[in-house]
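What follows is each chain in one-letter form.
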Amino acid sequence: MTSSTAASDQDVSANNVGCLFAVDEPLVEQQFHFGGQDQCLKILPSSQQSFNVQGHVLWPSAPKLSGFLCDTVEGRSLLQSVIPSNRMIKAAELGSGCGLAGIVLAQQLSHLTKESFVLLSDYDREVVDLLTSNASSISNAQVKKLDWRIPLVDQSIESASFDLLIASDVTYATELLPPLFTCAYNMLRSGSPFLLVNGRWRYFEDQSHQAAIKAGFTLLWERSEDAFVLSQWQKP
């Protein structure tokens, strides 16, 4: 059931992740505009936003990441500085939720490269169903259920095959940080980046850095913008 509108921390046990995705509230269709293109997503209204329905709401870091993916410097897209220019680009979003940033990424890559593929992923089947609906018109995107705690080979995902990973607001649970960064590291090709945006109110900085470094990542840069923290981790 959907209606239509328009618009231009706590820790949690890894054993109880499923409770973050159940939702009985009606979804609404909301319009977004990034990179010169429109996106229409079904989401849970912001008035219903709570910690117990993570996957169906649009958390603030997703629009922030979407805008970052569309940024340009002296007429050159920032994405062009982090992706190869001579072959097909394979990218993925971890913890996609409603899918805004992953959809924006897919749209941007379709203009920047001759061929691209973007995997949108989340843990819960209901969220995956929502993702599938939201991304149904994006020709270079695919949706898949992904559990960071399960080996990639057991989820039919090829290791070391992605050129770029993105994620937003995924550092809300310290127990999930090691599997998050290990999963990301295993998905990426050598020399490829993992772009993260998190709200400062949901960002365990020390624990995130420890988990990322232990997984094998190198931090290229990290900066604060307003209430957000933007980071680029690199797989050596």
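One structure accompanies this document, and this report is about it. Counting starts from 1 at the beginning of each chain's written sequence and moves along it residue by residue. Local features are withheld for residues below a pLDDT of 70 in this predicted model, meaning they are given only at 70 or higher, and side-chain atom pairs are given and counted only at 80 or more; totals for whole chains, interfaces and linings count all residues. The basis for every side-chain value is the complete set of heavy atoms in the structure, and neither hydrogens nor water enter the calculation.

Some points on the pattern of salt bridges
Okay, step 1: For this document, the term salt bridge refers to a Lys or Arg side-chain nitrogen within 4 Å of an Asp or Glu carboxyl oxygen. Taken as a whole and assessed by the stated rule, the structure comprises five salt bridges.
Okay, step 2: A salt bridge links Glu225 to Lys64; its shortest N-O distance comes to 2.9 Å. Separated by 161 residues along the polypeptide, Glu225 in strand E11 (residues 218-225) and Lys64 in helix H1 (residues 61-69) bring together distant segments of the chain.
Okay, step 3: The partner of Arg87 in a salt bridge is Asp163, with the nearest N and O atoms 2.7 Å apart. Residue Arg87 is located in the loop between strand E5 (76-77) and strand E6 (89-93), and its partner Asp163 is located in the loop between strand E8 (141-145) and strand E9 (164-168); the two are separated by 76 residues in the primary sequence.
Okay, step 4: For the exposure calls, accessible area comes from a 1.4 Å probe over protein chains only, and a residue counts as buried if that area is under 20% of its type's maximum, exposed if over 50%, partly exposed in between. Classification of Asp163 as buried rests on a relative accessible area of 1%.
Okay, step 5: What you see here is one network of salt bridges that share partners, running through Lys64, Arg223 and Glu225. Starting at the N terminus, helices and strands are each numbered in turn, a helix being any DSSP run of H or I of at least four residues and a strand any DSSP run of E of at least two.

Some details on unusual backbone geometry
Okay, step 1: Phi is positive for Ala160, which is not a glycine, with a value near 50 degrees.
Okay, step 2: Position of Ala160 relative to the elements: it lies in the loop between E8 and E9.
Okay, step 3: For Ala160, a relative accessible area of 39% corresponds to the partly exposed category.
Okay, step 4: Of note in the backbone geometry, Asp169 takes a positive phi value of approximately 50 degrees without being a glycine.

Examining the nonpolar core
Okay, step 1: Put simply, buried Ala, Val, Leu, Ile, Met, Phe, Trp, Tyr and Cys residues joined by side-chain atoms within 4.5 Å make one nonpolar core. In terms of nonpolar packing, the biggest core is built from 43 residues, with Leu105, Leu109, Leu164 and Ile166 touching the most fellow members.
Okay, step 2: For this core, the element with the most residues is helix H2 (residues 100-112), which contributes seven residues.
Okay, step 3: In what follows, a contact means two residues having at least one pair of non-hydrogen atoms within 4.5 Å. Ignoring anything within four residues of it in the chain, the contact list for Ile166 reads Leu65, Leu69, Ala92, Glu93, Leu94, Ala101, Gly102, Leu105, Phe194 and Leu195.
Okay, step 4: Core analysis: the next-biggest nonpolar cluster, separate from the first, contains 30 residues, Ala167, Ala173, Phe194 and Phe217 among them.

Points about the environment of Asn86
Okay, step 1: Among the structural elements, Asn86 can be located in the loop between E5 and E6.
Okay, step 2: Measuring from C-alpha to C-alpha, the distance between Asn86 and Thr113 comes to 8.5 Å, with 27 residues separating the pair along the chain.

Side note on the sheet that holds strand E12 (residues 228-234)
Okay, step 1: Following DSSP output, two strands are said to pair if at least two bridges run between them. Taking strand neighbours across the sheet as the criterion, the seven strands line up as E8-E7-E6-E9-E10-E12-E11 in an open arrangement whose pairing is mixed. Pairing within the sheet leaves two strands with one partner each, and these edge strands are E8 and E11. On average, each strand axis in the sheet is inclined to that of its neighbour by 15 degrees, with strand direction left out of account.
Okay, step 2: Examined bridge by bridge, E6 and E9 share three bridges and lie parallel to one another. Residue pairing for E9: Ala92 is matched across the bridge by Leu165.
Okay, step 3: Packing against the sheet, helix H4 (residues 177-187) makes contact with E6, E9, strand E10 (193-199) and E12, and its axis sits at approximately 150 degrees to E10. Axis definition: a line fitted to C-alpha atoms, over the contacting stretch in the case of helices. Angles run 0 to 180 degrees between N-to-C directions.

Some details on the packing of aromatic side chains
Okay, step 1: When the centres of two rings from Phe, Tyr and Trp lie within 6.5 Å, Trp using its six-membered ring, the rings pair. Their planes under 30 degrees apart give stacked, over 60 give edge-to-face, and anything left gives tilted. Summed over all chains, the structure comprises six aromatic pairs.
Okay, step 2: Plain terms: the ring middles of Phe68 and Trp221 are 6.0 Å apart, the flat faces sit at 65 degrees to each other, and that makes the pair edge-to-face. Of this pair, Phe68 sits in helix H1 while Trp221 sits in strand E11, placing them 153 residues apart in sequence.
Okay, step 3: Accessibility expressed as a relative area gives 25% for Trp221, which makes it partly exposed.
Okay, step 4: Look at Phe181 and Trp233: their rings are 6.0 Å apart centre to centre, the planes differ by 65 degrees, and that puts the pair in the edge-to-face class.

Describing the environment of Ser110
Okay, step 1: Tracing the backbone shows Ser110 in helix H2.
Okay, step 2: Note: C-alpha distance between Ser110 and Ile89 (21 residues apart in sequence) is 9.7 Å.
Okay, step 3: Setting aside its immediate chain neighbours within four residues, Ser110 contacts Ser116 and Asn140.

A word on the pairing of E8
Okay, step 1: Sheet topology note: the strand E7 (residues 116-122)/E8 ladder contains five bridges and is parallel. Counted as the bridge partner of Val118 is Ala141 from E8.
Okay, step 2: When the strands point away from the viewer, a crossover counts as right-handed if the route from the first strand across the helix to the second turns clockwise. Of the crossover connections in this fold, the one passing from E7 over helix H3 (residues 125-134) to the parallel E8 is right-handed.

Details of the packing of H1 against H2
Okay, step 1: One can describe the packing of H1 onto H2 by two numbers: an axis separation of 8 Å at closest approach and a directional angle of 10 degrees. Classified by the angle their axes make, H1 and H2 are roughly parallel. Between H1 and H2, the residues in contact are Ala62, Pro63, Leu65, Ser66 and Leu69 and Leu100, Ala101, Val104, Leu105 and Gln108, respectively.
Okay, step 2: Considering only residue class, the contact of H1 with H2 consists of eight nonpolar, two polar and no charged. An angle counts as roughly parallel when it lies under 35 degrees, as roughly antiparallel when it exceeds 145, as roughly perpendicular when it falls between 65 and 115, and as oblique in every other case. Three residue categories are used. Nonpolar comprises Ala, Val, Leu, Ile, Met, Phe, Trp, Tyr, Cys and Pro, charged comprises Asp, Glu, Lys and Arg, and polar comprises the others, including Gly.

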